[in-house]
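Spelled out from the first residue to the last, the chains are:
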Amino acid sequence: MKTIIWFGVVLGALAAAGKVFIAEVGMKKALECGNRKTITDVQWNHGSEQICKVDVKTGRSIKGKSNILERSRIIQDKNLQIRPVKEMDAGRFTCIADGATYEHTLIVVSVSVNPSSDLSTGAEASLECRVTESDQKSTVKWEKPGGLFENSPKVQLSPVEASHGGPWQYCACRLFHIFLHLIRHLTRYDLAFAPAGSTNHQPPSGGMTLLGLIWWVWVAVGVGSLVVIILIIVVIVMMRRIRRRKVIEENQSGKTAAAQPQLGRRREKPSAQPLRPLLME
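Residues numbered from 1 in each chain as written. Predicted model: local features only at pLDDT ≥ 70, side-chain atom pairs only at ≥ 80, totals over all residues. Heavy atoms only, no water.

Per an unreviewed UniProt entry, the protein goes by the name T-cell surface glycoprotein CD4 and belongs to Nothobranchius furzeri.

Pasting the structure below:
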């Protein structure tokens, strides 16, 4: 029972750290506010500035001073939708729903190709994935056509070759100790280069899939499952050590208590008889 309680405390501490959302510049993004289905009032803040406060029952809204106000609205009575997303929107968001506080992080990603005009074989070009965040914990890598990786936010093609044609995908990875949100820290964007003509921007593709999920989703699920197993093993080992220590202490205290009465039962040595004087005849 204690093991289950310890494991619940660990999972609760991990889940209380909030969510991380990734959005692309110019797109729309919805930030979730907790797991409660019904609430009476909700307030959203960006950093120290209030965005809005809404009374769900009456529909009354109090506007804040944040620059996100004009590009945001409340959906599903509690979630905040931003459209379009700008780089300045990155940072910490706080949602207060019926007195409960939820802190989330928004990471903004922008992808650029230089030059933006048509490319041809032999020319020079660069791809850059810029990540805007408050704590700079994300890493960016590019996947080239053919499956090779470039562990850098910027890829320089000098010169552009025919082998560069095909989908280019980026991954903004943010590996926390919070494994439950690992999948949300991965995102993709495909770029395609024509070897002799134009630059073609394609929508995100699925890539290699298994049972309808992309390969990196399965990798994230596997890592999360491994961390859960490690946590369970650590908690079980700790509880067994504590239980074993208690048993040893109880045995030692029992032996001490049993030895004390035996000391009191020791027989005292009889005292010597007094010497009598010898009678002189």
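Structure shown, so let's carry the discussion forward.
1. Focus: the overall build of the protein
Our working rule: Runs of H or I in DSSP of at least four residues are treated as helices and runs of E of at least two as strands, each being numbered from the N terminus. Residue exposure (1.4 Å probe, protein chains only): buried if accessible area is under 20% of the type maximum, exposed if over 50%, otherwise partly exposed. The contact rule is simple, with two residues in contact once any of their heavy atoms fall within 4.5 Å. Values of accessible area rely on a 1.4 Å probe in the Shrake-Rupley scheme; residue burial ignores everything except the protein chains shown.
Looking only at helices and strands, one finds two helices and 18 strands in the protein. Buried residues in the protein amount to 32% of all 281 residues. Look at the contacts in the protein between residues 6 or more apart in sequence, and 58% of them connect residues 24 or more apart. Counting every atom, the protein has about 18600 Å² of accessible surface; 56% of that belongs to carbon and sulfur.

2. Quick word on the pattern of salt bridges
Rules: Whenever a carboxyl oxygen of Asp or Glu lies within 4 Å of a side-chain nitrogen of Lys or Arg, that contact is scored as a salt bridge.
Tallied over the entire structure, the rule returns six salt bridges. The closest approach of N and O atoms between Arg71 and Asp89, which form a salt bridge, is 2.7 Å. Here Asp89 lies in the loop between strand E7 (79-82) and strand E8 (91-97) and Arg71 lies in the loop between strand E5 (61-63) and strand E6 (72-75), a separation of 18 residues in the sequence. Taken individually, Arg71 and Asp89 each receive the classification buried, so the pair is uniform in this respect. The salt bridge involving Glu150 is made with Lys144; its shortest N-O contact spans 3.3 Å.

3. Things to note about a nonpolar patch on the surface
Heads up, the rule is: Surface patches are defined over residues having more than 30% relative accessible area and no salt bridge, joining like charges when they lie within 9 Å and nonpolar side chains (Val, Leu, Ile, Met, Phe, Trp, Tyr) when within 5 Å.
Among the surface-exposed residues, Leu226, Ile230, Val234 and Met238 lie close enough to one another that they form a single nonpolar patch of about 350 Å² accessible area. Take Leu226: it is sitting in helix H2 (residues 215-264).

4. Some thoughts on the sheet that holds E6
Just so we agree on the cut-off: Pairing between two strands requires that DSSP report at least two bridges joining them. Axis definition: a line fitted to C-alpha atoms, limited for helices to the stretch in contact. Angles are taken between N-to-C directions and run from 0 to 180 degrees.
Pairing in this open sheet of three strands is antiparallel, and the strands run E2-E7-E6 from one edge to the other. Of all strands in the sheet, those with a lone pairing partner are strand E2 (29-31) and E6, marking the two edges. Pairwise comparison of adjacent strand axes, ignoring direction, gives a mean angle of 30° for this sheet. Note: E6 against E7, four bridges, orientation antiparallel. Bridge pairing in E7 links Arg73 to Gln81.

5. Details of a positive patch on the surface
Put simply, the rule reads: Residues scored as positive are Lys and Arg, those scored as negative are Asp and Glu, and His as well as the terminal groups of each chain are ignored. Where a charge lies is defined by one atom per residue type: Lys uses NZ, Arg uses CZ, Asp uses CG and Glu uses CD.
A cluster of basic residues, Arg240, Arg241, Arg243, Arg244, Arg245 and Lys246, forms a positive patch on the protein surface. Within the element layout of this structure, Arg244 appears in helix H2. Relative accessible area serves as the criterion here: at 56%, Arg244 is assigned to the exposed category.

6. Section: the pairing of strand E9 (residues 100-114)
In this structure, strand E1 (residues 20-24) lies alongside E9, joined through five bridges in parallel fashion. Following the sheet pairing, Val20 is matched in E9 by Thr105. Bridge analysis of E8 against E9 gives seven bridges, and the strand direction is antiparallel. Bridging across to E9, Ile96 finds its partner in Thr101. Connecting E8 to the next strand, E9, in antiparallel fashion are two residues, including Asp98 with a positive phi near 55°.

7. A word on the environment of Val140
For Val140, the location among the structural elements is in strand E11 (residues 139-143). Assessed through its relative accessible area of 13%, Val140 is described here as buried. Considering only alpha carbons, one finds Val140 and Cys171, 31 residues apart in sequence, at a separation of 5.7 Å.

8. Brief notes about the nonpolar core
Let me state the cut-off plainly: In this text, buried Ala, Val, Leu, Ile, Met, Phe, Trp, Tyr and Cys residues form a nonpolar core when linked through side-chain atoms within 4.5 Å.
Residues Leu31, Trp44, Ile51, Ile82, Phe93 and Leu106 are the most contacted members of the largest nonpolar core, which totals 21 residues. Sorting the residues of this core by element identifies E1, strand E3 (41-46), strand E4 (49-55), E7, E8 and E9 as the ones contributing at least two each. With residues near it in sequence (within four places) discarded, Phe93 still touches Leu31, Trp44, Asn45, His46, Ile51, Ile68, Leu80, Ile82, Tyr102, Glu103, His104 and Leu106.

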